Amino acid sequence: MLTLVLSLVAVAAYLAATLRIALPALRGGAPPRAQGLALAIIGVLAHAGYLLAAHRGGLDLHFFAALSAVSMLIAGTTLAVNLARPVDALGVLAFPLAAVLLAIDAWIAPPTQPTAMGWQIKLHVIVALLGYALLSVSAVLALLLLVQERALRNRDIANHWLRVLPPLTLTENLMFRLVAAGFVLLTATLLSGVLFVENLFAQHLVHKTALSIAAWVVFGTLLIGRWRFGWRGRRAVRLLLSGMAVLLLAFFGSKFVLELLLARGT
């Protein structure tokens, strides 16, 4: 009963926050940031409460449970970003995504059990999920950057959605800061995997490891290019989205195949 109530509260709060931000922007007005963020905070807290109650305080890494956990971290990261910089459009994308993935985990997907693991592996997983969330938000910012560039190039300055975005340079700087933070956490994930995960290159971990390393190389190349050659604009966005696609395959792509297609479990 508790899990049902928490999931309902979280989904309702996420959707209400989305509408509170999106509708005024569509009408040409300024979104009420305080109200939208307050609703989103309720959503994130209820979502976190659901995950703790449903999985008894453990880490459930099955496909839909992991998607729900990551979406909660993405929503939380979006909130943190908005407290520092006004990027309301992030919430319009992140909050409904969290609502949908939570609803699937809570109401549609079959129940699963938390994965048994020692504290070292828990630390490894938590760092990995936080890094994934930061890089996911940076990828969304990259998409918003493309929208801004196209609108400015077409002189579509009257577009209402531009009002919920910060200036182009601020969006770009914020994107690279999140990439840098996510890259640090991805590096820590790979290092902790070497230290704590037994048989890292055995069983079904080899493709996850190879793809994660490939994504790490892409993000590292992007950061070096930004620092050394001043890469920006579409080149930077392409690299970022390519790295994110590889990272998505590394975790959720492999889990989808193993759990849903091959029914081999996590």
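Since this is a predicted model, take the numbers as computed values, not measurements. Residue indices begin from 1 for each chain and proceed along its sequence in written order. Local features in a predicted model are, by the rule used here, given only for residues with pLDDT of at least 70; side-chain atom pairs are given and counted only at 80 or more, and totals for whole chains, interfaces and linings are based on all residues. Based on all heavy atoms of the structure, the side-chain values leave hydrogens and waters out of the count.

## Some remarks on the pattern of salt bridges
Put simply, a salt bridge is a Lys or Arg side-chain nitrogen that is within 4 Å of an Asp or Glu carboxyl oxygen. Applying the stated criterion across every chain, the model contains two salt bridges. Here Arg226 makes a salt bridge to Glu172, at a shortest N to O gap of 3.6 Å. Separated by 54 residues along the polypeptide, Arg226 in helix 7 (residues 205–229) and Glu172 in helix 6 (residues 168–196) bring together distant segments of the chain. Glu172 is the partner of Arg232 in a salt bridge, and the nearest nitrogen-oxygen pair spans 3.1 Å. With Arg232 in the loop between helix 7 and helix 8 (233–261) and Glu172 in helix 6, this pair connects stretches of sequence that are 60 residues apart. Burial status follows relative accessibility: with a 1.4 Å probe on protein chains alone, a residue under 20% of its type maximum counts as buried, one over 50% as exposed, and anything between as partly exposed. Overall, the relative accessible area of 46% leaves Arg232 in the partly exposed class. Judged by its relative accessible area of 5%, Glu172 is buried. One network of salt bridges, with partners in common, ties together Glu172, Arg226 and Arg232. Comment: elements are numbered from the N terminus, with helices defined as DSSP H or I runs of at least four residues and strands as E runs of at least two.

## Quick word on the packing of helix 3 (residues 63–84) against helix 5 (residues 119–153)
Put simply, helix 3 and helix 5 touch, their axes get as near as 9 Å, and they point 55° apart. One finds that helix 3 runs oblique with respect to helix 5. The crossing of helix 3 and helix 5 is right-handed. Across the interface between the two elements, Val70, Leu73, Ile74, Thr77 and Thr78 from helix 3 touch Leu129, Leu130, Tyr132, Ala133, Leu134, Ser136 and Val137 from helix 5. Three classes are used: nonpolar for Ala, Val, Leu, Ile, Met, Phe, Trp, Tyr, Cys and Pro, charged for Asp, Glu, Lys and Arg, and polar for all others, with Gly counted as polar. Here the residues of the contact of helix 3 with helix 5 sort into nine nonpolar, three polar and no charged. Orientation is described by axes fitted as lines to C-alpha atoms, over the contacting stretch for helices, and by angles from 0 to 180 degrees between their N-to-C directions. Oblique is the label for any angle not covered by the other classes, which are roughly parallel (under 35 degrees), roughly antiparallel (over 145) and roughly perpendicular (65 to 115). Put simply, a crossing is left-handed when the front helix is turned counterclockwise from the back one by less than a right angle, and right-handed when it is turned clockwise. Only heavy atoms matter for contacts: two residues are in contact if any of them lie within 4.5 Å across the pair.

## Overview of a nonpolar patch on the surface
In this scheme, patches are assembled from residues that exceed 30% relative accessible area and form no salt bridge. Like charges are connected within 9 Å, while nonpolar side chains (Val, Leu, Ile, Met, Phe, Trp, Tyr) are connected within 5 Å. The method behind every accessible area is Shrake-Rupley, applied with a 1.4 Å probe, and residues are considered shielded solely by the protein chains displayed. Judged by side-chain polarity, Met1, Leu4, Val5, Leu8, Val9, Ile42, Trp107 and Ile108 come together as a nonpolar surface patch covering roughly 800 Å² of accessible area. If you list the elements that add at least two residues to the nonpolar patch, you get helix 1 (2–26) and helix 4 (88–108). The greatest single-element share of the nonpolar patch, amounting to four residues, is contributed by helix 1. For Trp107, the location among the structural elements is in helix 4.

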